[in-house]
Amino acid sequence: MTNTLDGRAAFVSGGSRGIGRAIAIGLAAAGADVAINYSRDTAAAEDTVKEIEKLGQIGKAYQGNVDNFSECESMTSAAVGDLGEISILVNNAGIASRGSSVTDTDPNEIRKVIGVHVFGTHNLCHLLVPQMRGTDRGDVIMISSGATASLSGRGAPYNMAKSAQEAIAFTLAKEERPHGIRVNIVAPGLVETDMGKRLVRATRGVEDIRELDESSPFSRVCQPEDIADAVTFFCSQDGSYVTGQRLYVNGGGF
Amino acid sequence: MSEFNGRKALVTGGSRGIGRAIVRRLASDGADVVINYNSNESAANEIAAEVRGLGRHAVIIQADVSVQKEAERLANESIEALGSIDILVNNAGIGATAVGRPHVAEATPEDFERLMAAHAFASHDLCRVLVPQMREADRGDIVMISSIAAQSFGPTGGTYAAAKAAMEALAFSLAKEERGNNIHVNIVAPGLIETDMADMMVKFQGRVTDSIAELADESPFGRLGSPDDIAGAVAFLCSARASYITNQRITVAGG
């Protein structure tokens, strides 16, 4: 019984910073080669690649927007060229919504947020799942959010996007099971990332997210590594009979 | 692996099937284990010998956890045997077919009482005795082995599903109550797993003639779930990798 990911190659969208970076490094630590996508921060992407390489794995970074199909085409074909068959896809790239009520939300904002989370996820699945069918085992992981459980006010675009992304996952899990592909969802609550920091600043006026440690589950704000560990579990031997599932990593919620 | 070095586990129904695989996995990863069994002492001795072969302490304790006094005795004797218990796996269970009348309308009040006692009351009795001392540990873990029956609510098994649903409700409540004490409470919900209990069930349902193994080809990923699949999920939930996970249910059923 071994949980190694030796010999496997992964593609992590939004892998330069935050949760995506921790996932990329976590997969590499478990033995996978890892391609990351990023949209803007080249320096951060290069740094993540360096961390992957330090672990003795191949690391590559590809710039592009996941909501743009032709950019996804270039990124995925480059990744398959550089790393070989991709048997792990982590749909992590995401953007936050602006905190408006439903009635005040600009229709364009909904299209933009859904573009990244939903069409972006579909683009990458459309491009990478067919070649995954030929591998010994495939894994698709969606990084969703506790928002799909709470569906709080002033978060409609994000709530809609994550709910639709989860719907893709639950459907894809059933469609691809005969091909040995597992599809699961990891749904974080508040995590200490740039996005999480902005969120608590905007919604609660908290300048330093660590001020929330004391009032958080288990007396600490969730770290990106907590999410990465759940992703690695799903992709490992221990998770081989698990598909179509959603795991909230939120310390039990507030 | 030494992930669970220094940790002390009680696995109810640990002599056979899923429980046995959980015992083996926790011990492989470094835990000392109390193996509870009800009737099959030789099976309990076998897995205890295996655990000792891994260099870990193993204690076998007979108890019918569906009887309150026996569950309490099991909990107290487990603490005495290992000094403390910081992992509790509520795995012991009985199937509706074992009780004999799996249809809701035919099940007798005694049948239902027996199923509720084995799954829900037993879990409560063990938690009641073990949680207070678990609060003193660096970390505590309680894992309920439930069933996909508490999600699918199919025919022939309503009383069993109700017992598992009650057990899950207990887990979700306990998770919130004990989080402040760094006790994690989670649920693993198996689908069809290759065990004696499942074999009896599928024969009763007329789905196979000789053995549950006949269902492998039509199962997810071309195989039945194995007890090791469940043990893998339990080990993950009790590990440092899951230190921010509580109040959750992982269904291990191949989708």
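Just above, that's the structure.
Reference entry: report on the structure contained in this document.

Rules and cut-offs
- Residues numbered from 1 in each chain as written.
- Chains lettered and ligands numbered in written order.
- Predicted model: local features only at pLDDT ≥ 70, side-chain atom pairs only at ≥ 80, totals over all residues.
- Helix = DSSP H or I, 4+ residues; strand = E, 2+ residues; numbered from the N terminus.
- Rg over C-alpha atoms; globule rule 2.2 N^0.38 Å.
- Buried ≥ 20, exposed ≤ 12 C-beta atoms within 10 Å, placed from the backbone.
- Pairing = 2+ DSSP bridges.
- Axes fitted to C-alpha atoms, helices over the stretch in contact; angles between N-to-C directions.
- Contact = placed C-beta atoms within 7 Å.
- Nonpolar A, V, L, I, M, F, W, Y, C, P; charged D, E, K, R; others polar.
- Right-handed = clockwise from strand over helix to strand, strands pointing away.
- Core = buried A, V, L, I, M, F, W, Y, C linked by C-beta atoms within 7 Å.
- Parallel < 35°, antiparallel > 145°, perpendicular 65-115°, else oblique.
- Left-handed = near helix turned anticlockwise from the far one by under 90°.

Some details on the overall build of chain A
Part 1 of the reasoning: Helix and strand counts for chain A stand at 8 helices and 7 strands.
Part 2 of the reasoning: The globule rule puts the C-alpha radius of gyration for 254 residues at 18 Å, and the 17 Å found for chain A is close to it.
Part 3 of the reasoning: Counting only C-alpha atoms, chain A reaches 45 × 40 × 35 Å along its principal axes.
Part 4 of the reasoning: Taken over 254 residues, chain A has a buried fraction of 54%.

Digging into the sheet that holds strand E5 (residues 138–143) of chain A
Residue and element names in this part refer to chain A.
Part 1 of the reasoning: Across the sheet, 7 strands lie side by side as E3-E2-E1-E4-E5-E6-E7; this open sheet has parallel pairing. Two strands lie at the open edges of the sheet, namely strand E3 (59–63) and strand E7 (246–249), each paired on one side alone. The average angle at which neighbouring strand axes cross in this sheet is 20°, direction not considered.
Part 2 of the reasoning: Alignment of strand E4 (residues 88–91) against E5, held across 4 bridges, turns out to be parallel. Within the sheet, the bridge partner assigned to Leu-89 lies in E5 and is Val-140.
Part 3 of the reasoning: Helix H2 (residues 42–54) rests against strand E2 (33–38) and E3 of the sheet, and its axis sits at about 160° to E3.
Part 4 of the reasoning: Of the strands in this sheet, strand E1 (9–12), E4, E5 and strand E6 (181–188) touch helix H4 (residues 107–132), which is tilted by about 175° from E4.

Describing the interface of chain A and chain B
Part 1 of the reasoning: The interface of chain A with chain B comprises 26 residues on the first partner and 25 residues on the second.
Part 2 of the reasoning: Going through the elements one at a time, helix H6 (156–176), helix H8 (224–235) and E7 of chain A are the ones with two or more residues in the side of chain A that touches chain B.
Part 3 of the reasoning: Of the residues assigned to the side of chain A that touches chain B, the class counts are 11 nonpolar, 10 polar and 5 charged.

Brief notes about the environment of Ile18(B)
Residue and element names in this part refer to chain B.
Part 1 of the reasoning: As for its placement among the helices and strands, Ile-18 is situated in helix H1 (residues 17–28).
Part 2 of the reasoning: Taking the number of C-beta atoms within 10 Å as the measure of exposure, Ile-18 has 30 and is therefore buried.
Part 3 of the reasoning: In this structure, Ile-18 is in contact with Asn-91, Ile-145, Pro-190, Ile-193, Thr-195, Pro-227 and Ile-230, ignoring residues within four places of it in sequence.

Thoughts on the pairing of strand E2 (residues 32–37) of chain B
Residue and element names in this part refer to chain B.
Part 1 of the reasoning: In terms of burial, E2 is largely enclosed, as 6 of its 6 residues are buried.
Part 2 of the reasoning: Side-chain alternation along E2 places Asp-32, Val-34 and Asn-36 on one buried face and Val-33, Ile-35 and Tyr-37 on a second face that is also buried.
Part 3 of the reasoning: Pairing geometry for strand E1 (residues 8–11) and E2, over 4 bridges, is parallel. Among the inter-strand pairings, Val-11 is bridged to a residue of E2, identified as Ile-35.
Part 4 of the reasoning: A crossover connection joins E1 to the parallel E2 through H1; in handedness this β-α-β unit is right-handed.
Part 5 of the reasoning: Where E2 and strand E3 (residues 58–62) come together, 5 bridges link them in parallel fashion. Across the sheet, residue Asn-36 finds its bridge partner in E3, namely Ile-61.
Part 6 of the reasoning: Between the parallel elements E2 and E3, the chain passes through helix H2 (residues 41–53) in a crossover that is right-handed.

Examining the nonpolar core
Part 1 of the reasoning: In terms of nonpolar packing, the biggest core is built from 160 residues, with Ala10(A), Ile227(A), Val33(B), Ile35(B), Ile230(B) and Val234(B) touching the most fellow members.
Part 2 of the reasoning: It is helix H5 (residues 109–134) of chain B that provides the largest number of residues to this core, a total of 12 residues.
Part 3 of the reasoning: Excluding residues that lie within four positions of it along the chain, Ile227(A) makes contacts with Ile19(A), Ala22(A), Ile23(A), Ile143(A), Val186(A), Pro188(A), Val191(A) and Val249(A).

Regarding the packing of helix H1 (residues 18–29) of chain A against H8(A)
All names here are of chain A.
Part 1 of the reasoning: Relative to each other, H1 and H8 sit at 45°, their axes nearing to 8 Å. Classified by the angle their axes make, H1 and H8 are oblique. The crossing of H1 and H8 is right-handed. Contacts from Gly-18, Ile-19, Arg-21, Ala-22, Ile-23, Ile-25, Gly-26 and Leu-27 of H1 reach H8 at Pro-224, Glu-225, Ile-227, Ala-228, Asp-229, Val-231 and Thr-232.
Part 2 of the reasoning: For the contact of H1 with H8, the class distribution of residues is 9 nonpolar, 3 polar and 3 charged.

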